[in-house]
Amino acid sequence: GAEALPREKQVLVPPPALPEHLQVAATEAKVVEVELVIEEKQQEIAPGVNAWVMTFNGTVPGPMIVAHEGDYVEVTLKNPSTNQFVHNVDFHAATGGMGGGELTMVSPGQSVTMRFKATKAGVFVYHCAPGGSMIPWHVASGMNGAIMVLPRDGLKDENGEPVRYDRAFYIGEQDLYVLSDASGRYKSYPNLAASMADTMQQMRTLKPSHIVFNGAKGALTGPNAMEARVGEKVLFIHSQANRDTRPHLIGGHGDLVWAGGSFNDQPMTDQETWFVPGGAAVAALYEFQQPGLHAYVNHNLIEAIEFGAAAHIQVEGE
Amino acid sequence: GAEALPREKQVLVPPPALPEHLQVAATEAKVVEVELVIEEKQQEIAPGVNAWVMTFNGTVPGPMIVAHEGDYVEVTLKNPSTNQFVHNVDFHAATGGMGGGELTMVSPGQSVTMRFKATKAGVFVYHCAPGGSMIPWHVASGMNGAIMVLPRDGLKDENGEPVRYDRAFYIGEQDLYVLSDASGRYKSYPNLAASMADTMQQMRTLKPSHIVFNGAKGALTGPNAMEARVGEKVLFIHSQANRDTRPHLIGGHGDLVWAGGSFNDQPMTDQETWFVPGGAAVAALYEFQQPGLHAYVNHNLIEAIEFGAAAHIQVEGE
Amino acid sequence: GAEALPREKQVLVPPPALPEHLQVAATEAKVVEVELVIEEKQQEIAPGVNAWVMTFNGTVPGPMIVAHEGDYVEVTLKNPSTNQFVHNVDFHAATGGMGGGELTMVSPGQSVTMRFKATKAGVFVYHCAPGGSMIPWHVASGMNGAIMVLPRDGLKDENGEPVRYDRAFYIGEQDLYVLSDASGRYKSYPNLAASMADTMQQMRTLKPSHIVFNGAKGALTGPNAMEARVGEKVLFIHSQANRDTRPHLIGGHGDLVWAGGSFNDQPMTDQETWFVPGGAAVAALYEFQQPGLHAYVNHNLIEAIEFGAAAHIQVEGE
Ligand SMILES: [Cu+2]
Ligand SMILES: [Cu+2]
Ligand SMILES: [Cu+2]
Ligand SMILES: [Cu+2]
Ligand SMILES: [Cu+2]
Ligand SMILES: [Cu+2]
Ligand code: NA
Ligand code: NA
Ligand code: NA
Ligand code: NA
Ligand code: NA
Ligand code: NA
Ligand SMILES: [Zn+2]
Ligand SMILES: [Zn+2]
Ligand SMILES: [Zn+2]
Ligand SMILES: [Zn+2]
Ligand SMILES: [Zn+2]
Ligand SMILES: [Zn+2]
Ligand SMILES: [Zn+2]
Ligand SMILES: [Zn+2]
Ligand SMILES: [Zn+2]
């Protein structure tokens, strides 16, 4: 059981950053404590477009959590009374109980604590799943994130040799469904509940109005670019909780790509573009060879440029 | 040749069940005889929505067939005179002759017998492919199923060790294209031929009206849930003959996933969600750890909840 | 550096053919010189539908280039003064400098030469990427192709044993976005620039009007079928620079499929259908067992038959 294990509080941070963590576990298994606070809010998802989103800890996607295979993850989920809706959280890394969804339904003003053992190594989506049409609406409104469960002895390359990363970034891709009025202008709403019927109507077309990284078009470009240095191995974790995507690093590659995000499987090598099925997180490692601006896109280039699924990495060095 | 081999008649059953079969072949290769009877019919694909479908043996998808690598499969395809259209069957497990499509064109009132050697181990789609626009129309109207060709010595895990399943389920996912009238109501038709032009019109939008498991929204939920027990290893075979999908077991995992459905390849492990390209069947094995209701979905959650691609597994035990 | 290496001019040819090449490198690394001439032109993409396309060397897709791992590829990119737009080329096989995109911007009347080292073995997309909305517009208008970088000692099968192909074909799949007028007729335009706004409007629906192999519906069917002989191993290289696809060989299989196109990874075997994420090229090998007509399709059968993504292979022998 988890009762006898040491405990560690993990301070979660906004994506694309990851919380402080060790790649190789220094100790036996422990209980990793994290807190997720639900926030329903309006967010500018593209210039001039204010959409209602639902979030874990105020960001789309929610924060990355990091544990090691065999650790327990203890999640406190808080639904402040300022929210309107019931929520919960389903961890794809968990086993049983609808991934925790059954145990974590919280009304505004409530909080709940749930614990699961991280038995599978890999990167995995978590998301709100409060039942019926609430499930796709909450997920397609931003209420999802990811957890990375590292092997206790860290990552291995295609030959089974240990491999370490110098930096890691978490890119959460989100399809959003904002309805337009007859004149083609995106509609806005006085509150979250008022947006629901229209958002569901757009969702049923299966055509997003926006596809963004980290919550907004441009959230990771220009002055918001990620940063790295020549010679660094950078781990990119990409999640999409609902809709397929295909990450690509312009001017770079997936030197190692863990298909489906599974760290105990042999990684693919030398990938130009990799694939993330809707409802999954995938990890790719690249050692930067060249300085300068690199772009990181969903390589449906219409989705990248016209819908917003593009990021930048500024690489220093020579 | 097949003439000297022993013969065995396989009694096909409606999905999600599989016909009785051995996982490890007890004998040398044999001829597995199966019968597919084509039925054009009206089916309630969602509450109040009656669509015309085309079926093998009356179900969408058609029945699972099971053989072993090296067996011959002898298919008798019957097109009763009560049908309106010419049909055939193309087996992705077969080699040459358009997968059998060339040899099996049958008009209403006719039947034909075709034999192929199952030289590739894996799970494979079969479907009607009678030429031109008839191909997508028949396939998108339900006329597809799957065959499982087991290695003679059974399945192996990621380490090459034998692995056995305690149960197996066949989930056939179907995209359907029912046109709506100006008031948003789904149209209905006096006969199959009368539905064709409208269905083709909706197909050309590439947006299904319904995406269902085993022929109807709710066909595998609530009282129709699949059943399993804690500690059982369950093999899920998922086919989609036309459109990409991404199966996910809520509260569970793909402990082993044979990508593309190929049983002689090393399986992926620990998958949260797996991928089925349109025109393929894929197999995943999960050992249930916990009792209670589990859900199994296409993890595009809009497609799962709003379009119908969701199932339940009720797990007994402790 | 590349200065001391021997040089070889590679004569590029229209797809589905590949340029003359050795499967196993006969010498140490060299510099492979190729020339890409940009041509903006009108092309009949389906009977009666004349669309404006942008091309490398006049074909959609552009020509296949072949090199070996460790070779340098030296590309001369010419933009004749008869063109209207600025273009460039981004090689997914290259490293740094936006895949070459930064170094190769050429206005009409200019030409540029760029060299990169082919450090990764596999098949990789190249495409025009001149910035902003020009990127998806140029790519979705046909301005993409592929390069094959062979291991110096050639391809290996799933057991690491050398494998040779007797023929190779390059199939480039292209999603095109021609707008229709109110009466449902495809619109036509006096020049490329005049088509841009409408094409971008259709692109933003994410629904192509046409999905074709080698530039036009029927470009590889009937009298234009590819040809092979029984007993030959044929390598099919399939690229899609923008949108996911799922190749399938009717009556055949992917005996070996290099997922993501990476030749130093162990290939998958016995695939009924394989997957190409948008922005990637993938290679599959099949040894033909039977004579007669084989079809090769994107197995979304609506896309194959109604949108144009189908080809034929005529197989001689017995
Ligand atoms: Cu919620
Ligand atoms: Cu929520
Ligand atoms: Cu048929
Ligand atoms: Cu049919
Ligand atoms: Cu261009
Ligand atoms: Cu261009
Ligand atoms: Na994952
Ligand atoms: Na490699
Ligand atoms: Na398969
Ligand atoms: Na494992
Ligand atoms: Na590739
Ligand atoms: Na094999
Ligand atoms: Zn740990
Ligand atoms: Zn799950
Ligand atoms: Zn989920
Ligand atoms: Zn058998
Ligand atoms: Zn086939
Ligand atoms: Zn097929
Ligand atoms: Zn060479
Ligand atoms: Zn690239
Ligand atoms: Zn690209």
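Since we're looking at a predicted model, the values are computed, not measured. (Residues numbered from 1 in each chain as written. Chains lettered and ligands numbered in written order. Predicted model: local features only at pLDDT ≥ 70, side-chain atom pairs only at ≥ 80, totals over all residues. Heavy atoms only, no water.)

K.L.:
I tried to follow the environment of glutamate 102 of chain B on my own but got confused; where do I start?
P.N.:
Relative to the assigned elements, glutamate 102 of chain B resides in the loop between β6 (90-91) and β7 (110-117). Through-space distance from the C-alpha of glutamate 102 of chain B to that of histidine 68 of chain B is 24 Å; in sequence the pair is 34 residues apart. (Helix = DSSP H or I, 4+ residues; strand = E, 2+ residues; numbered from the N terminus.)

K.L.:
Before we go on, may I ask you to explain the sheet that holds strand β8 (residues 122-127) of chain A in this structure?
P.N.:
Strand pairing in a sheet takes place through backbone hydrogen bonds and is either antiparallel or parallel in direction. Strand order in the open sheet formed by four strands is β4-β9-β8-β6 (chain A), and the pairing between neighbours is mixed. Sheet topology places β4 (64-68) and β6 (90-91) of chain A at the edges, where each strand pairs with a single neighbour. (Pairing = 2+ DSSP bridges.)

K.L.:
Would you mind going over the interface of chain C and chain B with me for this structure?
P.N.:
Think of interface size as the accessible area that goes away when the parts come together; that is how it is often given. At the interface, 31 residues of chain C touch 41 residues of chain B. Each partner contributes to the roughly 2800 Å² buried at the junction of chain C and chain B, and carbon and sulfur atoms together form 56% of this total. For the pair chain C and chain B, the interface holds four salt bridges. Here aspartate 255 of chain C makes a salt bridge to lysine 120 of chain B, at a shortest N to O gap of 2.5 Å. For the interface between chain C and chain B, the tally reads 18 residue pairs in polar contact (both at pLDDT 80 or more). (Contact = heavy atoms within 4.5 Å. Buried area = accessible area lost by both parts, 1.4 Å probe. Salt bridge = Lys/Arg side-chain N within 4 Å of Asp/Glu carboxyl O. Polar contact = N/O pair within 3.5 Å; in protein donor to acceptor, adjacent residues only side chain to side chain.)

K.L.:
I keep staring at the relation of the copies chain C and chain B and nothing clicks. Help me out?
P.N.:
Comparison of the two chain copies shows a relationship of rotation about an axis with a shift along it. Superposition record for chain C on chain B: RMSD 0.0 Å, screw rotation 120°, translation along axis 0.0 Å. When the rotation and shift are considered jointly, the pair of chain copies conforms to a three-fold rotation axis. Taken together, the interface assignments show that only 6% of the residues at the interface of chain C recur at the interface of chain B, consistent with different surfaces on the two copies. (Least-squares fit on C-alpha atoms with pLDDT ≥ 70 in both.)

K.L.:
Is there a simple way to explain helix α2 (residues 192-203) of chain C in this structure?
P.N.:
Since the α-helix packs 3.6 residues into each turn, any two residues three or four apart lie on the same face. Compared with an ideal rise of 1.5 Å per residue, which puts twelve residues at 16 Å, α2 of chain C spans 16 Å between its outermost C-alpha atoms and is within 8% of the ideal. What α2 of chain C keeps buried is the set Leu192, Ser195, Asp198, Thr199, Met200, Gln202 and Met203 of chain C. Against the buried residues of α2 of chain C lie α3 (301-305) of chain A together with β2 (31-46), β3 (49-56) and α1 (134-140) of chain C. A distance of 3.2 Å separates the backbone nitrogen of alanine 193 of chain C from a side-chain oxygen at the start of α2 of chain C, and that oxygen is part of asparagine 191 of chain C. (Expected span 1.5 Å × (residues − 1). Buried < 20%, exposed > 50% of the residue type's maximum accessible area, 1.4 Å probe, protein only.)

K.L.:
Just checking my understanding: could you explain the pattern of salt bridges for this structure?
P.N.:
It is possible for side chains of opposite charge to pair when their charged atoms get near one another. The tally for this structure, following the rule as stated, stands at 53 salt bridges over all chains. Across the pair glutamate 33 of chain A and arginine 7 of chain A runs a salt bridge, and its minimum N-O distance is 2.7 Å. Linking glutamate 33 of chain A in strand β2 (residues 31-46) with arginine 7 of chain A in strand β1 (residues 7-9), this pair joins segments that are 26 residues apart in sequence. Across the salt bridge formed by arginine 204 of chain B and glutamate 306 of chain C, the nearest N and O atoms sit 3.1 Å from each other. Residue arginine 204 of chain B is located in the loop between α2 (192-203) and β13 (210-213), and its partner glutamate 306 of chain C is located in the loop between α3 (301-305) and β21 (310-316); the two belong to separate chains. With relative accessibility at 40%, the residue arginine 204 of chain B sits in the partly exposed group. Salt bridges linked by common partners bring Glu3, Arg7, Glu33, Glu74 and Arg115 of chain A together as one network.

K.L.:
Sorry, what's going on with the coordination of the zinc ion (ligand 15) here?
P.N.:
For a metal bound by four donors in tetrahedral geometry, the ideal donor-metal-donor angle is 109.5 degrees, whereas six donors in octahedral geometry ideally sit at 90 or 180 degrees. Within the protein, His92 of chain A (NE2), His127 of chain A (NE2) and His299 of chain B (NE2) serve as the donor atoms for the zinc ion (ligand 15), at 1.9 to 2.0 Å. Taken as a pair, the zinc ion (ligand 15) and the zinc ion (ligand 14) lie 5.1 Å from each other. Of this pair, histidine 127 of chain A sits in strand β8 while histidine 299 of chain B sits in the loop between β20 (292-298) and α3 (301-305), on two different chains. Comparing histidine 127 of chain A with histidine 299 of chain B, the two get one shared label, buried. (Donors = N, O, S within 2.8 Å, 3.2 Å for Na, K, Ca; no water.)

K.L.:
What's the story with unusual backbone geometry in this structure? I'm lost.
P.N.:
A negative phi angle characterises most non-glycine residues, just as the trans form characterises most peptide bonds. Backbone torsion omega between proline 15 of chain A and proline 16 of chain A reads 10°, so that peptide bond is classified as cis. Looking at the secondary structure, you find proline 16 of chain A in the loop between β1 and β2. Cis geometry marks the peptide bond from valine 60 of chain B to proline 61 of chain B, where omega comes out at 0°. Its place among the elements puts proline 61 of chain B in the loop between β3 (49-56) and β4 (64-68). At asparagine 214 of chain C, a residue that is not glycine, the phi angle is positive and equals roughly 50°. Considering the arrangement of structural elements, one finds asparagine 214 of chain C in the loop between β13 (210-213) and β14 (226-229).

K.L.:
Explain the sheet that holds strand β21 (residues 310-316) of chain A here, please?
P.N.:
Residue and element names in this part refer to chain A. One open sheet accounts for four strands, arranged β14-β21-β20-β16; its pairing is mixed. Both outer strands of the open sheet, β14 (226-229) and β16 (247-250), are each paired with one neighbouring strand and no more. Taken pair by pair, the neighbouring strands of this sheet meet at an average axis angle of 25°, ignoring direction. Bridge count for β16 against strand β20 (residues 292-298) is four bridges, and the pairing is antiparallel. (Axes fitted to C-alpha atoms, helices over the stretch in contact; angles between N-to-C directions.)

K.L.:
Would you take a moment to explain the relation of the copies chain A and chain B for this structure?
P.N.:
Screw-axis analysis of chain A against chain B gives a translation of 0.0 Å along the axis, an RMSD of 0.0 Å, and a rotation angle of 120°. Taken as a fraction of all interface residues of chain A, those also at the interface in chain B reach only 5%, which identifies the copy contact as different-surface.

K.L.:
I would appreciate a short explanation of the interface of chain A and chain B in the present structure.
P.N.:
Chain A puts 41 residues into the contact, and the matching count from chain B is 31 residues. When residues of chain A are sorted by the area they lose upon contact with chain B, Met98, Lys120 and Leu206 of chain A head the list and together hold 21% of the total. The interface formed by chain A and chain B holds four salt bridges in total. At the junction of chain A with chain B, the criterion picks out 18 residue pairs in polar contact (both at pLDDT 80 or more). For the side of chain A that touches chain B, the secondary-structure elements that each account for two or more residues are β8, α1 (134-140), α2 (192-203) and β19 (280-287) of chain A. Split by residue class, the side of chain A that touches chain B holds 20 nonpolar, 14 polar and seven charged. (Nonpolar A, V, L, I, M, F, W, Y, C, P; charged D, E, K, R; others polar.)

K.L.:
Please explain the pairing of strand β19 (residues 280-287) of chain B as it appears in this structure.
P.N.:
For a regular strand, side-chain orientation follows a simple rule: the groups alternate between the two sheet faces. Residue and element names in this part refer to chain B. Buried residues dominate β19, accounting for seven of its eight residues. Two strands pair when backbone bridges link them, and strand β15 (residues 233-240) and β19 are joined in this way by eight bridges, in the antiparallel orientation. Each bridged residue has a counterpart across the sheet, and for valine 234 the counterpart in β19 is tyrosine 286. As defined by bridge partners, strand β17 (residues 254-258) adjoins β19 across three bridges and the pair is classed as antiparallel.

K.L.:
What is the right way to look at the packing of aromatic side chains in this model?
P.N.:
The relative placement of two aromatic rings is captured by the distance of their centres and the angle of their planes. The tally for this structure, following the rule as stated, stands at 33 aromatic pairs over all chains. With centroids separated by 4.9 Å and ring planes inclined at 40°, the aromatic side chains of phenylalanine 91 of chain A and phenylalanine 116 of chain A adopt a geometry described as tilted. Of this pair, phenylalanine 91 of chain A sits in strand β6 while phenylalanine 116 of chain A sits in strand β7 (residues 110-117), and the two are 25 residues apart along the sequence. Across the pair, phenylalanine 116 of chain A and phenylalanine 91 of chain A agree in class, each one buried. Between phenylalanine 236 of chain B and tyrosine 296 of chain B the ring centres are 5.1 Å apart and the planes differ by 25°, which places this aromatic pair in the stacked class. You can see phenylalanine 236 of chain B sitting in strand β15 and its partner tyrosine 296 of chain B sitting in strand β20, a full 60 residues away along the chain. Using a relative accessible area of 0% as the deciding quantity, one classes tyrosine 296 of chain B as buried. One aromatic cluster in this structure is built from Phe169, Phe213, Phe236, Tyr286, Phe288 and Tyr296 of chain A. (Phe/Tyr/Trp six-rings, centres within 6.5 Å; stacked < 30°, edge-to-face > 60°.)

K.L.:
Whenever I open this one, the side chain of histidine 138 of chain C confuses me. Can you help?
P.N.:
Counting through the fold element by element, histidine 138 of chain C comes out in helix α1. Residues contacting histidine 138 of chain C, with those up to four places away along its chain left out, are Met54, Phe85, Val86, His87, Cys128, Pro130 and Met143 of chain C.

K.L.:
Looking at this structure, how should I read the side chain of glutamine 43 of chain A?
P.N.:
Residues and elements named next belong to chain A. Among the structural elements, glutamine 43 can be located in strand β2. A polar contact of 3.0 Å, which involves the side chain of glutamine 43, links it to the backbone oxygen of glycine 215. Residue contacts for glutamine 43: discarding those within four places in its chain leaves Val49, Asn50, Ala51, Val53, Gly58, Val60 and Gly215.

K.L.:
Please explain the confidence of the model for chain A as it appears in this structure.
P.N.:
Regions with low pLDDT carry predicted coordinates that are not meant to be interpreted in detail. Residues of chain A with pLDDT of at least 70 account for 100%, and the chain-wide mean is 97. Two summary scores accompany this predicted model of the complex, namely pTM at 0.97 and ipTM at 0.97. (pLDDT = per-residue confidence, 0-100.)

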